[in-house]
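What follows is each chain in one-letter form.
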Amino acid sequence: MQGGDGVVVGLGGGGEEEQVVNPWEVSAKDGGKIDYDKLIEKFGCQRLDDSLIRRVERLTSRTPHVFLRRGVFFAHRDFNEILDVYEKGEKFYLYTGRGPSSEALHLGHLIPFMFTKYLQDAFKVPLVIQLTDDEKCMWKNLSVEESQRLARENAKDIIACGFDVTRTFIFSDFDYVGGAFYKNMVKVAKCVTFNKVVGIFGFTPEDHIGKISFPPVQAVPSFPSSFPHLFAGKDNLRCLIPCAIDQDPYFRMTRDVAPRLGYQKPALIESSFFPALQGENGKMSASDPNSAIYVTDTAKDIKTKINKYAFSGGQDSIENHRKYGANLEVDIPIKYLGFFLEDDDELEHIRKEYGSGRMLTGEVKKRLIEVLTELVERHRKARAAVTDEMVDAFMAVRPLPYMFA
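Residues numbered from 1 in each chain as written. Predicted model: local features only at pLDDT ≥ 70, side-chain atom pairs only at ≥ 80, totals over all residues. Heavy atoms only, no water.

1. Focus on the overall build of the chain
Put simply, the rule is: Numbering goes from the N terminus for both helices and strands, where a helix is a DSSP run of H or I of at least four residues and a strand is a run of E of at least two. When we talk radius of gyration, it's over C-alpha atoms, and the globule rule is simply 2.2 Å times the number of residues to the 0.38. Three exposure classes are used, based on accessible area relative to the maximum for each residue type with a 1.4 Å probe and protein chains only: buried under 20%, partly exposed in between, and exposed over 50%. The contact criterion used is simple: two residues touch if any of their non-hydrogen atoms lie within 4.5 Å. Per-residue and other accessible areas were derived by the Shrake-Rupley procedure at a 1.4 Å probe size, with only the shown protein chains allowed to occlude residues. This count recognises Lys and Arg as positive and Asp and Glu as negative, with His and chain-terminal groups excluded. Here the site of a charge means NZ on Lys, CZ on Arg, CG on Asp, or CD on Glu.
The secondary structure content of the chain amounts to 20 helices and nine strands. For a compact globule of 405 residues, the expected C-alpha radius of gyration is about 22 Å, and the chain comes in at 21 Å, within 12% of that figure. For the chain, the spread of C-alpha atoms along the three principal axes comes to 65 × 50 × 45 Å. The buried share of the chain, taken over its 405 residues, is 55%. At a minimum sequence separation of 6, the contacts of the chain that also span at least 24 residues come to 77%. Accessible area of the chain: about 17,400 Å², with a carbon and sulfur share of 51%. Computed over 53 positive and 58 negative side-chain charges, the inter-centroid distance for the chain is 2 Å.

2. Focus on the sheet that holds strand β8 (residues 238-244)
Rule in force here: The pairing criterion for strands is at least two bridges between them, as found by DSSP.
The strand order across the open sheet built from seven strands is β3-β4-β9-β8-β5-β6-β7, with neighbouring strands paired in mixed fashion. Single-partner strands in this sheet number two, and they are β3 (46-47) and β7 (168-172). As paired elements, strand β6 (residues 127-131) and β7 share five bridges and run parallel to each other. Among the inter-strand pairings, Q130 is bridged to a residue of β7, identified as F171.

3. Things to note about the confidence of the model for the chain
Basically, it comes down to this: pLDDT measures the predictor's confidence residue by residue and takes values from 0 up to 100.
This prediction gives the chain a mean pLDDT of 91; 93% of its residues lie at or above 70. pLDDT under 50 marks residues 6-15. Its contacts with residues more than four places away, or in other chains, come to 30 contacts.

4. So, the packing of aromatic side chains
Test applied: For Phe, Tyr and Trp, rings pair up if their centres lie within 6.5 Å, where Trp contributes its six-membered ring, and each pair is then called stacked (planes under 30 degrees apart), edge-to-face (over 60) or tilted (otherwise). By definition here, charges over rings are those cases where NZ of Lys or CZ of Arg is within 6 Å of the ring centre and within 35 degrees of the ring normal.
Summed over all chains, the structure comprises 37 aromatic pairs. Residue placement shows R252 over the ring face of F43; its charged tip is 4.4 Å from the ring centre.

5. A word on helix α4 (residues 79-87)
Selection criterion: Arc definition: it is the arc formed by the directions from the helix axis to the C-beta atoms.
Those residues of α4 not exposed but buried are F79, I82, L83, V85 and Y86. Viewed end-on, α4 has its buried residues packed into an arc of 155°, placing them on one side of the element. Looking at the packing, one finds that the buried side of α4 touches α2 (50-60), β4 (73-77), β5 (92-98), α5 (107-123), β8 and β9 (267-271). Directly beyond the C-terminal end of α4, a positive phi value near 90° is found at G89.

6. Comments concerning the pairing of strand β2 (residues 25-28)
On β2, burial follows the alternation: V26 and A28 on one face are buried, whereas E25 and S27 on the facing-out side are not. Sheet topology places strand β1 (residues 19-22) next to β2; four bridges connect them, and they run antiparallel. For V20, the partnering residue across the bridge sits in β2 and is S27. Counting the residues in the hairpin turn of β1 and β2 gives two residues.

7. Here's the deal with unusual backbone geometry
Unusually for a residue other than glycine, K124 sits at a positive phi of about 55°. Along the chain, K124 turns up in the loop between α5 and β6. At N141, a position not held by glycine, the phi torsion is positive, near 60°. Its place among the elements puts N141 in the loop between α6 (133-139) and α7 (144-159). Overall, N141 belongs to the exposed group, its relative accessible area being 71%.

8. As for the packing of α7 against helix α20 (residues 388-395)
Threshold: Angles run from 0 to 180 degrees between N-to-C directions of axes, and those axes are lines fitted to C-alpha atoms, restricted for helices to the stretch in contact. When describing relative orientation, an angle under 35 degrees is termed roughly parallel and one over 145 degrees roughly antiparallel, while 65 to 115 degrees is termed roughly perpendicular and anything else oblique.
Contact geometry of α7 with α20 gives a least axis separation of 10 Å together with a crossing angle of 85°. Here α20 runs roughly perpendicular to α7, going by the angle between their axes. Facing α7, whose interface residues are R152, A155, K156 and I159, α20 presents D388, M390, V391, D392, F394 and M395.

Structural data, given as structure tokens:
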């Protein structure tokens, strides 16, 4: 098995592997936890260490995002080079995306966008957001029209995260693919053999050719020449991609091909998976509404889901809990607070009190319900304010006036 940016065989699916992590499936053997150390070793990326986080703080003059401080974004490829570029007074651009397969996003879907907004604000750089409506049409058996409708609906949730319209271009593949973008797709496609794409993604003879031909579509937003209305004459502009680590196969392929095309390799900063309410055995499932908190959930829904479904590391009786304390390694309310409770001191206090048995499961869940209800309500209000005209403005093919200001 080859690490680094080469082909990594055997991660696509099937076989007797201990864990499968690819853009369409995340699972550990016998329902276990994802082993992120093994994933880093297999994928050939690097762990994001404290020195890089301190460097981000120094360069941006702001406290690192909670997702950086607490290791939610834990791995990278060449993030240090992006910081080198920035330190020299040069800029880069951000690229992230969303596969619009459902009406509403769950909290796991929001994580890359919340973090990308922080990066855009901290570094004051342009951002392109790809809506892969074509991918979901092919993988989820949605009609073209339904995929396009979901893309616009999801765009409203993305805009509600607070992105700067003067620095952000959102595009759907069905609408935008063509011209310079399509030329880059063809260049990438010519460099990737059928054997290589099967090795990276695990495609089978039963997969239709649309799936096999899709990876270049997600690869080429990494290249500034795909956006001549934004980056004309800036072909050496570096790209940083914040994403969950299950998207890594696309960009291993992209990084392998880029030098052969005379392009810069994209850099990545990658997150772990947001666990399902029932336990940390992969990522949330949109097919099971009780596995996730959705941005459309009411305060009552959130309270019911947390109290009824959030897996607890507390003991089976108050007496035992006071004696032995909670198992924080498996406790989902503690893990969710680790994502969304901003106050580091409060989180440490809760961990200490709960782990020692002085705080009960019900008290921890109550605090989590407060945090998530406030987050979801804030998002709901922001989304309600997003009009179709605002979506059109973000998706209009136009120069971005304050792109590098």
